[in-house]
Amino acid sequence: MKVTARFFASYRERIGKRSIDVTLDRNATVGDLVTYISEKFPGFAPHPDRIVVAVNEEYVSHDLRLKDGDEAAFIPPVSGGAS
Amino acid sequence: MIRITRQVLDEKAITSKLKLKVHGAVVTFAGTTRLYSDGKKVRMLEYEAYEPMATKKLREIEADMRKKWKLEDAVIFHRLGNLEVGEVSVFIAAASEHRAEAFDACRFAIEEIKEKVPIWKKEHWVNGKPHWVRADANWEVKIPEPKP
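Residues numbered from 1 in each chain as written. Chains lettered and ligands numbered in written order. Predicted model: local features only at pLDDT ≥ 70, side-chain atom pairs only at ≥ 80, totals over all residues. Heavy atoms only, no water.

A. Geometry of the overall build of chain B. In terms of regular secondary structure, chain B is built from three helices and nine strands. Secondary structure elements of chain B occur, N-terminal to C-terminal, as β-α-β-β-β-α-β-β-β-α-β-β. Against the compact-globule benchmark of 15 Å for 148 residues, chain B has a radius of gyration of 16 Å, which places it among compact chains. With respect to the principal axes defined by its C-alpha atoms, chain B has extents near 50 × 45 × 25 Å. Counting all 148 residues of chain B, 47% fall into the buried class. In chain B, 74% of the contacts between residues at least 6 apart in sequence involve partners at least 24 apart. (Helix = DSSP H or I, 4+ residues; strand = E, 2+ residues; numbered from the N terminus. Rg over C-alpha atoms; globule rule 2.2 N^0.38 Å. Buried < 20%, exposed > 50% of the residue type's maximum accessible area, 1.4 Å probe, protein only. Contact = heavy atoms within 4.5 Å.)

B. Broad picture of the sheet that holds strand β2 (residues 19-23) of chain A. Residue and element names in this part refer to chain A. If you trace the five strands from one edge of the open sheet to the other, you get β2-β1-β5-β3-β4, paired in mixed fashion. The outermost strands of the open sheet, each flanked by one partner alone, are β2 and β4 (58-60). On average, adjacent strands in this sheet sit at an angle of 35° to one another, irrespective of strand direction. As paired strands, strand β1 (residues 2-7) and β2 are joined by five bridges and run antiparallel to one another. From the neighbouring strand, Arg6 faces β2, where its bridge partner is Ser19. (Pairing = 2+ DSSP bridges. Axes fitted to C-alpha atoms, helices over the stretch in contact; angles between N-to-C directions.)

C. How the structure looks around the pattern of salt bridges. Within the structure shown, the criterion is met by 14 salt bridges over all chains. For Glu13 of chain A, the salt bridge goes to Lys122 of chain B, with nearest N and O atoms at 2.6 Å. Of this pair, Glu13 of chain A sits in helix α1 (residues 9-15) while Lys122 of chain B sits in strand β8 (residues 119-125), on two different chains. Accessibility expressed as a relative area gives 10% for Lys122 of chain B, which makes it buried. Taking the shortest distance from any N to any O, the salt bridge between Glu60 of chain B and Lys57 of chain B comes out at 3.0 Å. Placement of both Glu60 of chain B and Lys57 of chain B in helix α2 (residues 51-68) is noted, with a separation of three residues, approximately one turn of the helix. Salt bridges sharing partners connect three or more residues here, namely Glu58 of chain A together with Lys56, Lys57 and Glu60 of chain B. (Salt bridge = Lys/Arg side-chain N within 4 Å of Asp/Glu carboxyl O.)

D. Representation of the packing of aromatic side chains. Taken as a whole and judged by the stated rule, the model has seven aromatic pairs over all chains. Between Phe44 of chain A and Phe74 of chain A the ring centres are 6.1 Å apart and the planes differ by 55°, which places this aromatic pair in the tilted class. Taken as a pair, Phe44 of chain A in the loop between α2 (30-40) and β3 (52-55) and Phe74 of chain A in strand β5 (residues 71-75) lie far apart in primary sequence, 30 residues in all. Each member of the pair, Phe44 of chain A as well as Phe74 of chain A, carries the same accessibility label: buried. Every member of this aromatic cluster is reached through a ring pair, and the members are Phe7, Tyr11, Phe44 and Phe74 of chain A. We note Lys40 of chain B situated over the ring of Trp125 of chain B; from NZ or CZ to the ring centre the distance is 3.8 Å. (Phe/Tyr/Trp six-rings, centres within 6.5 Å; stacked < 30°, edge-to-face > 60°. Lys NZ or Arg CZ within 6 Å of the ring centre and 35° of its normal.)

E. Structural context of the side chain of Glu48 of chain B. Relative to the helices and strands, Glu48 of chain B is located in strand β4 (residues 40-49). Here the side chain of Glu48 of chain B touches Ala9 of chain A through a polar contact of 2.9 Å, landing on its backbone nitrogen. In contact with Glu48 of chain B, other than residues within four places in its own chain, are Phe8, Ala9 and Arg12 of chain A together with Leu80, Pro118, Ile119, Trp120 and Trp132 of chain B. (Polar contact = N/O pair within 3.5 Å; in protein donor to acceptor, adjacent residues only side chain to side chain.)

F. Spatial organisation of the interface of chain A and chain B. Between chain A and chain B, the contact holds 26 residues from the first and 36 residues from the second. Buried area between chain A and chain B, summed over both chains or domains, comes out near 2,800 Å², and the portion from carbon and sulfur atoms is 57%. Considering only the surface of chain A that becomes buried against chain B, Glu57, Tyr59 and Val78 of chain A emerge as the three largest contributors, covering 25% of it. One can count four salt bridges joining chain A with chain B. Residue Glu58 of chain A is joined to Lys57 of chain B by a salt bridge in which the shortest nitrogen-to-oxygen separation is 2.8 Å. In this assembly, chain A and chain B are joined by 11 residue pairs in polar contact (both at pLDDT 80 or more). Residue assignment for the side of chain A that touches chain B shows that the elements contributing at least two residues are α1, β3, β4 and β5 of chain A. (Buried area = accessible area lost by both parts, 1.4 Å probe.)

Structure follows, in structure tokens:
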């Protein structure tokens, strides 16, 4: 199956892309995608096991099974607003 | 009402969007970009969002404000793009018949925004390399229970 990984802020800059399409085995989890990305782009995040991922615009656990066509966003620690 | 925009946030114009009949209290919060960060002078801030998700999260926060407190109306605006020091990056207005609700709802909204809305800022200092501002190093989001 194919999923799209999207990157923002520091992750986007370290990876050098806004998004990439990834082909994964059926039944692959978010954790599998995180492992794939951190092997392909070593060091883009200090603790890959703690990376926050949102699938289809909702925060999810690394155990979640991905589906074909899912969009998985890698969310660096958020810091919106001010003060 | 919520909005993510690259336009300057006009506090008065946004507050006037509140739809009010009974009135009583309007509490507003403006988050503005700071001059100093880690003791260093900031020149400019760059805001980036995962826009569809940020929109969704802001909508949820607005809905939660209304669920938790009896509000007449509420608006949340968040700015993106390049901001100078002192500009408004986020603006919240909450209106209620009595002040307590509007104060509490406004405070709740900004804390929720900082925790849940995927918007990042990059600080450009007067001296030194720009960097993305991290939230708390132990930042973790609460994963919602999967819907059946």
